[in-house]
Amino acid sequence: MARPHHPDLFGPDAPAPPLPNGFGLWRGALDRLDQLALLDDIREILTLAPAYRPTMRNGTAMVNHLTNCGPLGWTSDRQGYRYVDRHPLTDRPWPAIPRRLLAVADTFTRALGVVGYEPDACLVNLYAADGRLSLHQDYDEVDFKWPIVSVSLGASCRFVLGGLSRKDPTMRFDLHSGDVVCLHGESRKRFHGVAKVDAGTNALSHPALDPWVRINLTLRRAR
Ligand code: MD3
Ligand code: FE
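Residues numbered from 1 in each chain as written. Chains lettered and ligands numbered in written order. Predicted model: local features only at pLDDT ≥ 70, side-chain atom pairs only at ≥ 80, totals over all residues. Heavy atoms only, no water.

A.B. asks: Got a minute to help me understand the state of the cysteines in this structure?
C.D. replies: Among covalent bonds in proteins, the disulfide is the one between the sulfur atoms of two cysteines. Throughout the structure, instances matching the rule amount to zero disulfides. Cysteine 122 provides the cysteine sulfur closest to cysteine 69, a residue in no disulfide bond, and the two sulfurs are 3.9 Å apart. Exposure remark for cysteine 69: the relative accessible area of 1% places this residue in the buried category. Not engaged in a disulfide, the cysteine cysteine 157 finds its nearest cysteine sulfur in cysteine 122; these two sulfurs lie 16 Å apart. Look at cysteine 157 and you get buried, because its relative accessible area is 0%. (Disulfide = S-S within 2.5 Å. Buried < 20%, exposed > 50% of the residue type's maximum accessible area, 1.4 Å probe, protein only.)

A.B. asks: Just to check I follow, could you spell out the site of ligand 1 for this structure?
C.D. replies: Around ligand 1, the surrounding shell holds 19 residues, and the nearest of these are Asn125, Tyr127, His192, Arg214 and Arg220. A distance of 3.2 Å separates an oxygen atom of ligand 1 from a polar atom in the side chain of histidine 136. The separation between an oxygen atom of ligand 1 and a polar side-chain atom of aspartate 138 is 3.0 Å. Coverage of ligand 1 by the protein chains reaches 98% of its 500 Å² of free accessible surface. The cavity where ligand 1 resides is the largest pocket. Going through the elements one at a time, strand S5 (121-127), strand S6 (133-136), strand S7 (148-154), strand S11 (192-198) and strand S12 (214-220) are the ones with two or more residues in the shell around ligand 1. Among the elements that make up the shell around ligand 1, the one with the highest residue count is S12 (four residues). (Near = heavy atom within 4 Å. Polar contact = N/O pair within 3.5 Å; in protein donor to acceptor, adjacent residues only side chain to side chain. Areas by Shrake-Rupley, 256 points an atom, 1.4 Å probe, with all protein chains shown as cover. 1 Å grid on protein atoms, 1.4 Å probe; cavity = no way out; pocket = protein on both sides within 12 Å on 5 of 7 lines; lining within 4 Å. Sits in = over half its atoms within 2 Å of the grid points. Helix = DSSP H or I, 4+ residues; strand = E, 2+ residues; numbered from the N terminus.)

A.B. asks: What is the right way to read unusual backbone geometry from this model?
C.D. replies: Residues other than glycine predominantly adopt negative phi, and peptide bonds predominantly adopt the trans conformation. Phi angles above zero are rare outside glycine, and aspartate 91 is one such case at about 60°. You can see aspartate 91 is positioned in the loop between strand S4 (80-84) and helix H2 (99-111).

A.B. asks: Would you mind going over H2 with me for this structure?
C.D. replies: Helical geometry: 3.6 residues make up each α-helical turn, so side chains three or four residues apart lie on a common side. Between its first and last C-alpha, H2 extends 18 Å over 13 residues, near the 18 Å set by a 1.5 Å rise per residue. All of the buried residues along H2 are Leu101, Val104, Ala105, Phe108 and Thr109. Taken end-on, H2 shows its buried residues confined to a sector of 115°, consistent with a single buried face. Packed against the buried residues of H2 are strand S1 (23-26), helix H1 (32-48), S5, S7, strand S10 (180-183) and S12. Of the residues trailing H2, glycine 113 is marked for its positive phi of about 90°. (Expected span 1.5 Å × (residues − 1). Arc of directions from axis to C-beta. Contact = heavy atoms within 4.5 Å.)

A.B. asks: Would you explain the pattern of salt bridges in this entry?
C.D. replies: Note that side chains of opposite charge can pair when their charged atoms are close. Tallied over the entire structure, the rule returns 11 salt bridges. Here aspartate 106 ties to arginine 110 by a salt bridge, and the two come within 2.9 Å at their closest N and O atoms. Linking aspartate 106 with arginine 110, this pair stays in helix H2, spanning four residues, or about one helical turn. For aspartate 106, a relative accessible area of 30% gives the class partly exposed. Relative accessible area serves as the criterion here: at 49%, arginine 110 is assigned to the partly exposed category. The salt bridge involving glutamate 141 is made with arginine 220; its shortest N-O contact spans 3.1 Å. Of this pair, glutamate 141 sits in the loop between S6 and S7 while arginine 220 sits in strand S12; the two residues are 79 residues apart in sequence, bridging distant segments of the chain. Each member of the pair glutamate 141 and arginine 220 is classed as buried. Taken together, the shared-partner salt bridges in this structure form one network comprising Asp138, Glu141, Arg188 and Arg220. (Salt bridge = Lys/Arg side-chain N within 4 Å of Asp/Glu carboxyl O.)

Encoded structure:
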């Protein structure tokens, strides 16, 4: 797992344009047992910090459920997006980031040459079969020099990656269970989203996935 690789992103006959600088994709970085162990951790997190659907500033509920682990957790309500140190519904601190998730973040940020990455927040996005995430930038963190590390579990999704402006052209490719993505440097502020989830592709059987088809973990340095 020394280098990011991206074979077969665009199908066998399509030319594969290179991924942008700072976008590290490791296909199948986590094997099935790694993935199931992470789902054990997520099940524990969900018992301590139940999944909820935040409200956006305009009052509508987000499409996906979420929860968090770590000292800080990302949330949204009528006051907008921000990181908070307590679950908005239980008012309890978020559970700790699982050790094996910190180990994943350490391994893959080091592979990009990042030293001393200490994530203080992990957003757990929970996708149902109709889950999606509209095009956005991750802009609520204090220092963009630190990367974001993403782990995908369960069903594959159609991922959309844009540029630094909302109207820049986008590229699309699938993210599969066990894929790890690191966003660093120039890619850290790119627009991105999830166009759709392919519910039928979930090959993992685990109680943490029963109400969802796909779970994405994003480790961040919020402060
Ligand atoms: C590219 N999550 O939680 S993870 C998010 O699959 C989020 O749930 C998506 O976007 C998901 O904010 C995508 C991969 C990812 C994460 C952050 C990025 C890609 C990114 C930041 C910049 C560019
Ligand atoms: Fe994002």
